[in-house]
Every structure is written in C-alpha cells, then in structure tokens.
Amino acid sequence: MAATPRFRDDASATPTPDGEPATAPSDRKHPVDETLPPLKMFTSGLQHVAAMYAGVVAPPMIVGPAVGLSAKETAFLMGASLFTAGIATLLQTLGFWRIGARLPFVNGVSFAGVTPMVAIGKDRGHDGIAVIFGAIIVASLLGFVLAPYFCKLVRFFPPVVTGTVITLIGVSLLPVAFNWSQGGNATAADYGSTTNITMAAVTLVIVLALRKLLRGFLQQIAILLGLVAGTLIAIPAGITDFGALGDADAIGFPTPFHFGAPQFEIAAIVSMSIVMLVCMTESTADMLALGKIVGRPADERTIEGGLRADTLGSALSPLFNGFMCSAFAQNIGLVAMTKVRSRFVVAAGGGILILLGLVPVAASVIALVPLPVLGGAGIVLFGSVAASGVQTLAGAALEKGENALIVAAAVGVGLIPIAAPDFYHAFPKDLLVVLDSGISTGCVVAIVLNLAFNHLGRTPDAETATAPGGHDPAKAMEAAAH
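As the structure is a prediction and not an experimental result, all values here were calculated from the model.

Overview of the overall build of the chain
A tally of helices and strands in the chain yields 21 helices and 2 strands. The buried share among the 482 residues of the chain stands at 54%. Put simply, the chain shows about 20,200 Å² of open surface, and 66% of that area lies on carbon and sulfur atoms.

Following this line, the structure appears as structure tokens:
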C-alpha cells in the first residue's frame, strides 16, 4: 500500500529572508485526512447532522402523505431516510475501491426527486412507493455505470464555471432558509409570524456573536451552540414541539422492503433517470466547490468516486425504504465557515445519522430544533456558500474574453426558478425536473457558454482568461468563511 501523502501548509512554514514561505515540506497529513479527538469528532459531526436534518426528513414528509401513507408510515420513511443518508455519507467519506470522493462530503435525500416521486406515487398507496423504489434502483444503477464517463466533464469546469455554480448553490439554498425562518409550512396559521421571524433573527445574531467572541474549537461549533441556544429560547416562545419525542419508539430498524418488493415501470424509470442526471450534475459542482474549500481540488478520479458513491448509495437506499441520495450543499457552507476539513468528522456525522435511523427517540431529539431557529442559522450557512462562489469568481479573469458575459447569463438563468417559480409552468413535467433547479440550469448554461466562447475557436486572450494560473482557489474560498 502506498504511503499516505503528506500535506504542506505554507502558512505555517518558516519564512525566508525575502518574506516567502520556506519550501521544506511538513510531515503532517492533509487536513482532509486528519482525525480529531473523540469529543471534537462527535460534536463537529453532530453539527453537520443538525445542519442537514431538516433537509433529510423534508422529502419523506412531503412524499409520504402525498402518496397516501399514514402518519406512522411517514415517520417510518423519515427514519429510513436518516439511516440511508448515513450509509451514503460513509460511502463518500471513507469509501472503498474506487467508490467515494474521500472528502468531507455529506449525502442525503435529494429534493430534486420530490416532484416526480409525488407524480409517480399519487393515488397508488404502497404500490406507488414500490414503483418509486423500483425506478430509483434502475436509475441509480444506470448512473453508476455512467459515472466514469460523466466525471470527464471536469475539464469543462474552469473558475468562471465553478464560481458561477458555487454562487448559484448558495443563492438557491437561501430561499430554503427563508422558508424555515417563517415556519416551514405555508399552510400553518403561524407561517411568517413575527414570533417565527424574530426567533430566526435571534438565532442569526447568536451565531454571529459566537463566531466573533469565541475562539478555537468553540468557535468551530458556533452553529451547533447557536441551534441549542435558539431552541432553548424558543421553548418559552411556544414554538418548540415536544410531541415527536413522546410518540417515538426507543428502537426501530428500517425493515428491508417494508412496503413490498420494488415494481418497475418504464415511465417512472425514465423520470427518475432524469432526476439522477440532475443529481450527478449538482454533485459534480458540489465536489468541485468542496475541493476548493478544503484545499484538495477534485480531479476526475475524485469526481468519479464521488458519483459512484452517490449512485451506489441511491441504489441501496430503496432496500431500506429510502430515496435517492445526493450531495447536501448546506454542509459545504458549514465546512467553509468552521474550517474543519476532516472527512472523518463528516463520517462521524454519517454514523450519527445511522444511529438516529435505528433509534427513533434519538432522532426526535434533533427534531426538537424549531425550523425558525434552523432558518436563522441557515442564512449564515448558505450565504457563506454564495460568498465562496464570489471569491472564486474574483480570480476568474472576468475582465478578459467573454467571461463576464458567461457569468451574467448563467446567473440570470439560474435565478429564474428562485425569482419566478412559475416561469416554466407551461413546459412538460419531465422538463421541470431540470428547469426548476437553478443550480442545474445555471450550470448547463455556464458550461455551454464557456465551450462556445473559450474553447471553440479559442483566442490567446480567451485561453489566458480560463487558465487557473495565478489564482489560489483554496485561499479564496477560505477567505469567504471569515
């Protein structure tokens, strides 16, 4: 087995007389491969779980009732989603063979599949869930086969493209935080109430204050501390729901094929295959973003391994009654903000997710965090992703060639689903899977325009504009987290 490559941290090197860092390599591991003390590992992993929890349980909360499942069956789906998200996260962070990005990369249930899954399973009950699971299995296996070819698109992701996509990831996630801040359920009587928004604002202020005042490890878990403080403050405000804690079982295992054997229908398979391609596109962009943040740029092999972990995790997920898994961009913001780059921290979070899936009562404790509190913290998390994208664009030579035009068009198209959610309402439903994702449409536009302006009939100026030389994306991304 080859020796583990060592990491050279220029910032810690002894400077030479001319002010440049010494070139002697350090003997310590790259921060991505470092392990932390057990307590730090657990609390940092728990912080990742807290940041992603609502995103994992939201799809089954929507799909379950939509296909006619009872409240208890929907709760079972939620536990299964946590369990399978943990498995997928371990595949990404620890990996084996050529599976796994081996980055602090969090996986969970993809929002991209919610609308088509509801359409597939509506009015079918358990049969609908079985058809959904069958379509996910086939689409995921197809994605696994395509991963080695799909990853070769990485050379079409220069800074002008990655910066645009990273910015869109952050901006696209902000409405999620705003919705959580209002209460999360638009039909609820208190949706958008002053109490909910005030709690979100209080949590936001607490997180910012903790980041400013604390130092060291406590500063790194400021998000988790802010969520705990916000939840405690929310108790007298009356927006903390303890009902789930009382109804939860102490132990529960997601019985394989709880809703029956998967069923396979061509239309459903085609629909979920489109979703899989969308997920692979978003995961590729997320891996490129995360690679820059942690200082280990994602190459073709990294992306291939990450896509294989995505698709294998998604193929295994229906076995335990879970849905399609993909990258969770909000956790990229957490990595950028805390600067904790260890993949083993995220692996610990994956272990916690599995535990939550096996112990419903433990999952319900995390569920005590009110959505307005989570929304306040989410504004910081998702905003930091957008800021990282802006930092990357700052080094993308926008003054040269047509790079500024590429960014303008891609961001403009990517913002359509956010600014005008009904813009594509007249288009076929299958196309909406792609068009309603600003990340996907913006990514496609950026890639196509970069090809048109900087590759086809490329001029020397355009070649210089797209070259990565002279720009350290890792330092730029870290600067955005300050």
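Continuing now.
Here's the deal with the pattern of salt bridges
Side-chain pairing between opposite charges can occur once the charged atoms of the two side chains come close. Evaluated as defined, the whole model comprises 4 salt bridges. Put simply, Glu300 and Lys152 hold a salt bridge, and the shortest N to O gap is 3.8 Å. Of this pair, Glu300 sits in helix α11 (residues 300-316) while Lys152 sits in the loop between α4 (126-150) and α5 (159-182), and the two are 148 residues apart along the sequence. We classify Lys152 as partly exposed; its relative accessible area is 40%.

Quick notes on the packing of aromatic side chains
Tallied over the entire structure, the rule returns 5 aromatic pairs. Ring centres of Phe83 and Phe320 lie 5.2 Å apart, and the angle between their planes is 65°; on these two criteria the pair is classed as edge-to-face. Taken as a pair, Phe83 in helix α2 (residues 71-93) and Phe320 in the loop between α11 and β2 (325-327) lie far apart in primary sequence, 237 residues in all. You'll find Phe83 and Phe320 in the same group, each marked buried.

Focus: the environment of Ala201
With respect to the element layout, Ala201 can be found in helix α6 (residues 194-213). On the basis of relative accessibility, which here comes to 38%, the residue Ala201 falls in the partly exposed class.

Topic: the state of the cysteines
Summed over the entire model, instances satisfying the criterion amount to 0 disulfides. In this structure Cys279 is a free cysteine whose sulfur lies 9.2 Å from that of Cys325, the closest cysteine sulfur available.

A short note on the side chain of Ser273
With respect to the element layout, Ser273 can be found in helix α10 (residues 266-294). A residue is classified by how much of its surface remains accessible, and Ser273, at 15% relative accessible area, is buried. Leaving out residues up to four positions away in the same chain, Ser273 has contacts with Ala139 and Leu142.

A few points about a nonpolar patch on the surface
Where nonpolar side chains cluster on the molecular surface, the patch consists of Leu142, Leu146, Tyr149 and Leu277 and spans about 390 Å² of accessible area. With 3 residues, α4 is the single largest residue contributor to the nonpolar patch. Note that Leu146 resides in helix α4.

Things to note about the packing of α6 against helix α8 (residues 222-237)
The packing of two helices is summarised by the inter-axis angle and the distance between the axes. Between α6 and α8, whose axes approach to 9 Å, the crossing angle comes to 145°. Classified by chirality, the crossing of α8 by α6 is right-handed. The residues of α8 that touch α6, namely those facing Thr195, Met199, Val202, Thr203, Ile206, Val207, Leu210 and Arg211, are Ala222, Ile223, Leu225, Gly226, Ala229, Gly230, Ile233, Ala234 and Ala237. When grouped by side-chain class, the residues that make up the contact of α6 with α8 number 12 nonpolar, 4 polar and 1 charged.

So, unusual backbone geometry
In this structure, Trp97 takes a positive phi of about 50° despite not being glycine. If you trace the backbone, Trp97 turns up in the loop between α2 and β1 (107-109). Even without being glycine, Ala397 reaches a positive phi, approximately 55°. By the element assignment, Ala397 lies in the loop between α15 (371-394) and α16 (403-414).

Looking at the confidence of the model for the chain
The predicted model of the chain averages 79 in pLDDT, with 83% of residues at 70 or higher. Segment residues 1-25: pLDDT under 50, and 27 contacts once partners within four positions in sequence are set aside and those in other chains are kept.

Observations regarding the side chain of Arg308
Of note, Arg308 is situated in helix α11. Overall, Arg308 belongs to the buried group, its relative accessible area being 9%. In contact with Arg308, other than residues within four places in its own chain, are Trp97, Arg98, Ile99, Phe144, Ala147 and Pro148.

Description of α10
Over its 29 residues, α10 extends 41 Å from the first C-alpha to the last, a length consistent with the 42 Å expected when each residue adds 1.5 Å. Counting buried positions along α10 yields 24 of 29 residues, so the element is predominantly enclosed. Gly295 occupies a position one or two residues after α10 and carries a positive phi of about 75°.

A look at the nonpolar core
Membership of the largest hydrophobic core comes to 102 residues, with the highest contact counts inside it found for Ile132, Met272 and Phe323. For this core, the element with the most residues is α10, which contributes 15 residues. Apart from the residues lying within four places of it in its own chain, the contact partners of Met272 are Pro116, Met117, Ile120, Ala135, Ile136, Ala139 and Met324.

A word on the environment of Val369
Summarising the element assignment, Val369 is placed in the loop between α14 (360-366) and α15. According to the relative accessible area criterion, Val369 is partly exposed, its value standing at 22%. Sequence-wise, Val369 and Thr231 are 138 residues apart; in three dimensions their C-alpha atoms are separated by 5.5 Å.

Notes on the packing of α5 against α16
Running from amino to carboxyl end, α5 crosses α16 at an angle of 25°, the nearest separation of the two axes being 10 Å. By the angle between their directions, the pair α5 and α16 is classed as roughly parallel. You can see that α5 and α16 cross each other, and the crossing is right-handed. Side by side, α5 and α16 meet where Val160, Thr164 and Leu168 of the first sit next to Asn403, Ile406, Val407, Ala410, Val411 and Gly414 of the second.

Rules behind the numbers
- Residues numbered from 1 in each chain as written.
- Predicted model: local features only at pLDDT ≥ 70, side-chain atom pairs only at ≥ 80, totals over all residues.
- Heavy atoms only, no water.
- Helix = DSSP H or I, 4+ residues; strand = E, 2+ residues; numbered from the N terminus.
- Buried < 20%, exposed > 50% of the residue type's maximum accessible area, 1.4 Å probe, protein only.
- Areas by Shrake-Rupley, 256 points an atom, 1.4 Å probe, with all protein chains shown as cover.
- Salt bridge = Lys/Arg side-chain N within 4 Å of Asp/Glu carboxyl O.
- Phe/Tyr/Trp six-rings, centres within 6.5 Å; stacked < 30°, edge-to-face > 60°.
- Disulfide = S-S within 2.5 Å.
- Contact = heavy atoms within 4.5 Å.
- Patch = residues over 30% accessible without salt bridge, like charges linked within 9 Å, V, L, I, M, F, W, Y side chains within 5 Å.
- Axes fitted to C-alpha atoms, helices over the stretch in contact; angles between N-to-C directions.
- Left-handed = near helix turned anticlockwise from the far one by under 90°.
- Nonpolar A, V, L, I, M, F, W, Y, C, P; charged D, E, K, R; others polar.
- pLDDT = per-residue confidence, 0-100.
- Expected span 1.5 Å × (residues − 1).
- Core = buried A, V, L, I, M, F, W, Y, C linked by side-chain atoms within 4.5 Å.
- Parallel < 35°, antiparallel > 145°, perpendicular 65-115°, else oblique.

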